[in-house]
Amino acid sequence: MASATVKADPAVELAQQYAEKVLLLSQGSVDKHFDPFTDIDWDSPDFAVDAHDRRWILPESGDMFARHPWYRALSDARKIEIGLWRQANIFKVGLQFETLLIGGMVQHTFKLANGDPEFRYCTHEVIEECNHTLMFQETVNRIGIDVPGMGPILKRLTYVVPPLASIFPNLFFMAVLSGEEPIDHIQKSILRAGEQVHPIMRGVMAIHIAEEARHISFAHEFLEHHVPQTNPLEKLVLSLAFPIIMWIGGRAIIIPPRAFFREFDIPAQVRKEVFFGSSDSKETFAGYFGDVRALAKRIGLMNPVSKTVWKVLGIGGSTTRYRSEPDRTRAE
C-alpha cells in the first residue's frame, strides 16, 4: 500500500526560506566587513582637510542645496565653507541615526528565542553600525567643525525609537528604512555621477554603501516576512504609518538644523525652496523612497487610503523595478 503524501506546511516553508536568507546575510558580514581604522588611511596626505579645497563644494548630484541658484552664485570660498559645514553635519546626523538603530537592534535581540537566526544577523549589524559611528565621528573630527547634527526636537527620538524595536518591531524596521534609504540613495548618486568629492568622503561612502546594502536588505526581508502575518487591523495601521515614518525620518536626515541657516545667513526663502517648495526638491525627496514604495506594494501595505497618505505627504510616485535602480530622469 502506497504511503500517503505528506504536504509541507506553507508557514514552515516560509519560515525556513526566511531563515536561510537571514543566515546568508549573516555570512556576508563574516565574508566581507570593514574596520574604519584599518581600511581607511586617515593620516594619508590625500585625506588632509584644506579649507581651500574645491572638492568640498557640494555635489549637485547628491545635494538639493547645491543645485539652488543662491548657492551656485556664491564665491568658491563661500561654497567651500558651507560645504564643509554641511558635509560634517550630514555625517553627524548619520552617526546619531546609527546610534538610534543600534539601541533598537539591541532591544530587539534581547527578547529573541534561542536559535533565532535574527539574533546573529542583528548582532553582526550592530557591530557594523558601531564601526560606522566611529567612521562618521572621525570624519567630523577631521573636518574640525563643531556641528550639532539633528535639531533639538529630533534628538529626542533617542528616547522613543529604541523601545519601539521591542514593542513594535515592524514600526522600528520601517524607521530604519526611513533613514537608511535616503542616505544610501544620496551616496550612490554622488559616486555614480563621478563628481569630484574629497577622498575622505569617497572612502567613507564606499564602505558605508557596501555594508548598508546588507542592512537595507535585512529590513526589507524582515518586513516581507513579518507584516503578512499581522491581522487586518494591524496591517491597516502599518499601511498608514509607513509613509508617515518615511516622511519624518527622511526629513530628519535631509534637512539641516536651523543652526546651519543662521551660521551662513541663508534667506528663509532659499530654505523653503530647497527643502520644501521647489519642484526639484519635491521630486528628489520622493525619489528616495521608490524601493520602499515597491516594498509596501509587495507586502500589502499600498491600499487606496495609504496611497493617498503617500501622495499628501509628497512622497508618492512610481515604484522601482529592482533594488537601488538609478534615477535616470535627471540625466534625461
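Since the model is a prediction, treat every value here as computed from it, not as a measurement. (Residues numbered from 1 in each chain as written. Predicted model: local features only at pLDDT ≥ 70, side-chain atom pairs only at ≥ 80, totals over all residues. Heavy atoms only, no water.)

Considering the state of the cysteines
Tallied over the entire structure, the rule returns zero disulfides. With no disulfide of its own, C122 has C130 as its nearest cysteine by sulfur position, at a separation of 13 Å. (Disulfide = S-S within 2.5 Å.)

Points about the layout of surface pockets
In this structure, the second largest pocket spans a volume of roughly 440 Å³. What lines the second largest pocket is a set of 19 residues, and nearest its centre among them are G151, L154, P256, P257 and R271. When contributions to the lining of the second largest pocket are tallied by element, the ones reaching two or more residues are α5 (152-155), α9 (232-254), α10 (258-263) and α11 (268-277). For the lining of the second largest pocket, the class distribution of residues is 14 nonpolar, one polar and four charged. (1 Å grid on protein atoms, 1.4 Å probe; cavity = no way out; pocket = protein on both sides within 12 Å on 5 of 7 lines; lining within 4 Å. Points joined across faces, edges and corners; volume = space filled by probe spheres on them. Helix = DSSP H or I, 4+ residues; strand = E, 2+ residues; numbered from the N terminus. Nonpolar A, V, L, I, M, F, W, Y, C, P; charged D, E, K, R; others polar.)

Structural notes on the environment of N131
Tracing the sequence through the fold places N131 in helix α4 (residues 117-143). The sequence separation of N131 and F37 amounts to 94 residues, and the corresponding C-alpha distance is 9.0 Å.

Brief notes about the side chain of R214
Counting through the fold element by element, R214 comes out in helix α8 (residues 199-226). For R214, a relative accessible area of 11% corresponds to the buried category. A distance of 2.8 Å separates the side chain of R214 from the side chain of E128, its partner in a polar contact. If sequence neighbours within four positions are ignored, R214 has contacts with L25, G28, S29, K32, Y121 and E128. (Buried < 20%, exposed > 50% of the residue type's maximum accessible area, 1.4 Å probe, protein only. Polar contact = N/O pair within 3.5 Å; in protein donor to acceptor, adjacent residues only side chain to side chain. Contact = heavy atoms within 4.5 Å.)

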